[in-house]
Amino acid sequence: MSDQTIGQPKILGVGIYMPVYDVAADLIGLGRNFQAKVYRLLQPQRGEIVLDVASGTGTFAILAKSVEPKLTIMGVEPDTKIISVANKKANRKKLDIKFIASTAQDMPFPTNSFDAVNSSLAFHHMSTTDKRAALKEIWRVLKPGGRFLLSDFGKSKSFWLKTSIRFGELLGFESMNCAKDNLEGRIPDLISEAKFSVETVASRHRGVEFWLCTKS
Ligand SMILES: C[S@@+](CC[C@H](N)C(=O)[O-])C[C@H]1O[C@@H](n2cnc3c(N)ncnc32)[C@H](O)[C@@H]1O
């Protein structure tokens, strides 16, 4: 295991891509405007305790804490280099956000800890086994009645989306074959298997679907 990683997820950026991640995400429409949509759909409320799973460079957590300072928000992310980028961004804005080194499959939180959990653009990086483990773990850490917004690529036959993901796999910033569950439409079944009730909220955005899941 590398000292930069915990577990074996395909890490975003592996060094050279990371400095341009935020710029690239904005350019392809999956950056700050996209996160603003995610925020509106999750609707974090003042006083709530919220977790961002696979928090990346911290864009969602920083947006949420800036809009609602009375929120407690933390992120989990396995790549410590990316965590240091997120920490720098949060410190620049003087925001109190904890980014913790962990995979989604095994999180260091007690059961029933969070009012809401967010995860965007991360599940297509995980194997089917890891997706199942992550969903089970998210269910565990959510309070009863808590909500989980999963935003990631949905069922698609789009040549361009498939080609972009394949290209990303070859360049090493996508995980080989992990997006298949997404593109073949299996994410809602995996969510239901984890005992969540799930509904699709909002229209697709650049191939990304928004599943609002409840721990009932
Ligand atoms: C495309 S980035 C998305 C980051 C952020 N959520 C966003 O929407 O900008 C995918 C992130 O998932 C993280 N990741 C990959 N596998 C993971 C896992 N098993 N558990 C937690 N995070 C994971 C990567 O390190 C990376 O930061």
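Residues numbered from 1 in each chain as written. Predicted model: local features only at pLDDT ≥ 70, side-chain atom pairs only at ≥ 80, totals over all residues. Heavy atoms only, no water.

### Some remarks on the site of the ligand
No. 1: Taken together, 18 residues surround the ligand, and among them A54, E77, A104, Q105 and S120 come closest.
No. 2: Residue E77 places a side-chain N or O atom 2.6 Å away from an oxygen atom belonging to the ligand.
No. 3: Taking S120, its side chain carries an N or O atom lying 2.7 Å from an oxygen atom of the ligand.
No. 4: In isolation the ligand exposes 600 Å². Once the protein is present, 96% of that is buried.
No. 5: In the shell around the ligand, the residues fall into 10 nonpolar, six polar and two charged. (Near = heavy atom within 4 Å. Polar contact = N/O pair within 3.5 Å; in protein donor to acceptor, adjacent residues only side chain to side chain. Areas by Shrake-Rupley, 256 points an atom, 1.4 Å probe, with all protein chains shown as cover. Nonpolar A, V, L, I, M, F, W, Y, C, P; charged D, E, K, R; others polar.)

### Regarding the pattern of salt bridges
No. 1: The tally for this structure, following the rule as stated, stands at 11 salt bridges.
No. 2: For E48, the salt bridge goes to R147, with nearest N and O atoms at 2.8 Å. Taken together, the residues span a long stretch of sequence, with E48 in the loop between α2 (32-42) and β1 (49-53) and R147 in strand β5 (residues 142-153) at a distance of 99 residues. Summarising the burial analysis for this pair, E48 and R147 share the class buried. (Salt bridge = Lys/Arg side-chain N within 4 Å of Asp/Glu carboxyl O. Helix = DSSP H or I, 4+ residues; strand = E, 2+ residues; numbered from the N terminus. Buried < 20%, exposed > 50% of the residue type's maximum accessible area, 1.4 Å probe, protein only.)

### Things to note about the side chain of E68
No. 1: As for its position among the elements, E68 is in the loop between α3 (59-67) and β2 (72-77).
No. 2: With no salt bridge to any partner, buried E68 finds its closest opposite charge in R46, at an N-O distance of 4.2 Å.
No. 3: Excluding anything up to four places from it in sequence, E68 contacts Y39, Q45 and R46. (Lys, Arg positive; Asp, Glu negative; His and termini not counted. Contact = heavy atoms within 4.5 Å.)

### So, the environment of S216
No. 1: Secondary-structure assignment places S216 in the segment after β7 (208-214).
No. 2: Assessed through its relative accessible area of 73%, S216 is described here as exposed.
No. 3: For the pair formed by S216 and F196, sequence separation is 20 residues and the distance between their alpha carbons is 6.8 Å.
No. 4: Those residues in contact with S216 that sit more than four places away from it in its chain are K195 and S197.

### Some points on the packing of α2 against α3
The geometry of a pair of packed helices is captured by two quantities: the angle between their axes and the separation between those axes.
No. 1: Contact pair α2 / α3: the axes reach a minimum separation of 10 Å and the direction vectors enclose 60°. Judged on the interaxial angle alone, α3 and α2 are oblique. Classified by chirality, the crossing of α3 by α2 is right-handed. In this structure, α2 contributes R32, Q35, A36, V38, Y39 and L42 to the contact, and α3 contributes T59, F60, L63, A64 and V67.
No. 2: Per-class residue counts for the contact of α2 with α3 are eight nonpolar, two polar and one charged. (Axes fitted to C-alpha atoms, helices over the stretch in contact; angles between N-to-C directions. Parallel < 35°, antiparallel > 145°, perpendicular 65-115°, else oblique. Left-handed = near helix turned anticlockwise from the far one by under 90°.)

### Digging into the confidence of the model for the protein chain
No. 1: Mean pLDDT over the protein chain works out to 91, with 92% of the residues at or above the 70 mark.
No. 2: Contacts of residues 1-14 to residues separated by more than four positions or lying in other chains number 29 contacts, the stretch itself having pLDDT below 50. (pLDDT = per-residue confidence, 0-100.)

### Here we look at the sheet that holds strand β6 (residues 197-200)
No. 1: In space, the seven strands of this open sheet follow the order β3-β2-β1-β4-β5-β7-β6, with mixed pairing throughout. Whereas interior strands pair on both sides, the edge strands pair on one side only; in this sheet they are β3 (98-101) and β6. Neighbour-to-neighbour, the strand axes of the sheet open up by a mean angle of 20°, direction not taken into account.
No. 2: Here three bridges tie β1 to strand β4 (residues 114-120), and the two strands are oriented parallel to one another. Opposite V50, over in β4, you have A116 as the bridge partner. (Pairing = 2+ DSSP bridges.)

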